[in-house]
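# Structure at a glance
Now for the letters of each chain:
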Amino acid sequence: MNLKRILFDTDPGIDDALAILLALASPELEVDGISVINGNCSVDNGAANALAVLELAKANHIPVARGFDLPLVQPSLLAPETHGNTGLGYAKLPAPKTKPVAQHSVDFLAEKILSAPGEITLVCIGPLTNVAVAIRKEPRIVQAVKDVIIMGGAIRHQGNTTPVAEFNVYVDPHAAHMVYHSGMPITLVPLDVTYQCILTPDDVRRLQKIKSPIPQFVADSTRFYMEFHDEFQKIEGCVINDPLALALTFAPELCDYEEHYVDVDISGGVSMGNTYADFYKMTKNAANMKVALGVRARDFVELFLERMEQLSKKISE
Ligand code: BDR
Ligand code: CA
């Protein structure tokens, strides 16, 4: 089988960690590297979390690069109420033995993409600061990247950070604006689809039937995330945004897509960070991305659970 090569840009983060584990559990994929950005937690915590999750899955050969610890223009906004102070909820993983590579994320992303033109899928599951600056520094990556899957935005759905804005976009709307208008081949995975993908307490109990550190990690991290969803959004369980974006690299049929011109409000008012699609083609602008607007949510959650079970068994062998 020809493996699909992916690079993550991520702010790990509970659902980011689950997306990394899903990638490691997926035989279709080869993970070329992980670039870290601030968002759910500081970039230092995020890099340590990425390394610790890789060690948990016995995959610490995968390089991790550290990116920016601030958005381009906006002040820093972290999400301790959603992901806990260090980013992984109640999970306490051993401190990683490995370290991030010396290269900054911007150079790491550009070098990896340019070294394999047309081969790398970039999976962006955090604020887009690193990717925006990589495009400015090395614009050839726009043509060289195979495709870009971006978890972000709320098109018809309400926001999860302001009434109209989704977290990844709201943290760095200027970066999102740059990436959306860069000409990269983008698939957007907004809250419209991710908020249908709920991991339930029963799902976690099913995983815990396997005695392995991975179900324990999933249980400890998502317990915190579920408390957040219960308290703030009246959702029983937790939304696994980032794993859905990753799954579309090898199972695009999980979603239905429409091509649209999508823009981001960076005007600084109450709708700062709002992402909107020109459904009626009023702007006459050409579509700049594919947008996932329908999802077979339970099929996806089942796929996630099956792969977590397989990975859990594999690392305990
Ligand atoms: C996004 O923001 C973060 O909380 C999650 O990790 C996800 O990437 C959802 O809005
Ligand atoms: Ca994320």
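These lines cover the structure that appears in this document, whether it is placed above or below. What you see is a predicted model; the values in this text were computed from it and never measured. (Residues numbered from 1 in each chain as written. Chains lettered and ligands numbered in written order. Predicted model: local features only at pLDDT ≥ 70, side-chain atom pairs only at ≥ 80, totals over all residues. Heavy atoms only, no water.)

Time to look at the overall build of the chain. Looking only at helices and strands, the chain has 13 helices and twelve strands in total. For 317 residues, the compact-globule estimate of 2.2 N^0.38 gives 20 Å, and the C-alpha radius of gyration of the chain, at 18 Å, lies within 12% of that figure. In terms of its C-alpha atoms, the chain occupies a principal-axis envelope of roughly 55 × 45 × 40 Å. Within the chain, buried positions represent 60% of all 317 residues. Expressed as a percentage of contacts within the chain between residues at least 6 apart in sequence, the contacts between residues at least 24 apart total 83%. For the chain, the centre of its 27 positive side-chain charges and the centre of its 39 negative side-chain charges are spaced 5 Å apart. (Helix = DSSP H or I, 4+ residues; strand = E, 2+ residues; numbered from the N terminus. Rg over C-alpha atoms; globule rule 2.2 N^0.38 Å. Buried < 20%, exposed > 50% of the residue type's maximum accessible area, 1.4 Å probe, protein only. Contact = heavy atoms within 4.5 Å. Lys, Arg positive; Asp, Glu negative; His and termini not counted. Charge placed at Lys NZ, Arg CZ, Asp CG, Glu CD.)

So, on to the site of ligand 1. Near ligand 1 lie 13 residues; those nearest to it are Asp 15, Asp 16, Asn 160, Glu 166 and Asp 242. Within the backbone of Ile 125, one N or O atom sits 3.0 Å away from an oxygen atom of ligand 1. Contact distances for ligand 1 include 2.8 Å between an oxygen atom and a side-chain N or O atom of Asn 160. In the complex, 96% of the free accessible area of ligand 1, which totals 280 Å², lies under the protein chains. Contributing elements (two or more residues each) for the shell around ligand 1: helix H1 (14-24), helix H7 (167-171) and helix H12 (241-247). For the shell around ligand 1, a count of residues per class yields four nonpolar, five polar and four charged. (Near = heavy atom within 4 Å. Polar contact = N/O pair within 3.5 Å; in protein donor to acceptor, adjacent residues only side chain to side chain. Areas by Shrake-Rupley, 256 points an atom, 1.4 Å probe, with all protein chains shown as cover. Nonpolar A, V, L, I, M, F, W, Y, C, P; charged D, E, K, R; others polar.)

Moving on, we come to the coordination of the calcium ion (ligand 2). Protein-derived ligands of the calcium ion (ligand 2) are Asp 11 (OD), Asp 16 (OD), Asp 16 (OD), Ile 125 (O) and Asp 242 (OD), with the metal-ligand distances lying across 2.2 to 2.6 Å. Look at where the donors of the calcium ion (ligand 2) fall in the sequence and you get D-x4-D-x108-I-x116-D. Of this pair, Asp 11 sits in the loop between strand E1 (4-10) and H1 while Ile 125 is found in the loop between strand E4 (120-124) and helix H5 (129-137), placing the two residues 114 residues apart along the sequence. Note on Asp 11: relative accessible area 0%, which makes it buried. (Donors = N, O, S within 2.8 Å, 3.2 Å for Na, K, Ca; no water.)

Attention shifts here to the pairing of strand E5 (residues 147-151). Counting buried residues in E5 gives four out of five residues, a clear majority hidden from the surface. Across four bridges, the pairing between E4 and E5 is parallel. Across the sheet, Val 123 pairs through a bridge with Ile 149, a residue of E5. Summarising the sheet, E5 and strand E6 (residues 186-189) pair through four bridges and their orientation is parallel. By the bridge assignment for E6, Val 148 is matched with Ile 186. (Pairing = 2+ DSSP bridges.)

Counting 74 residues, the largest nonpolar core has Phe 8, Ile 34, Leu 246 and Phe 300 as the members making the most contacts within it. Those residues in contact with Phe 300, other than ones at most four positions away along the chain, are Leu 22, Cys 197, Ile 240, Pro 243, Leu 244, Ala 247 and Leu 254. Judged by nonpolar contacts, the second largest core, of 37 residues, contains Phe 108, Ala 116, Cys 124 and Ala 176. (Core = buried A, V, L, I, M, F, W, Y, C linked by side-chain atoms within 4.5 Å.)

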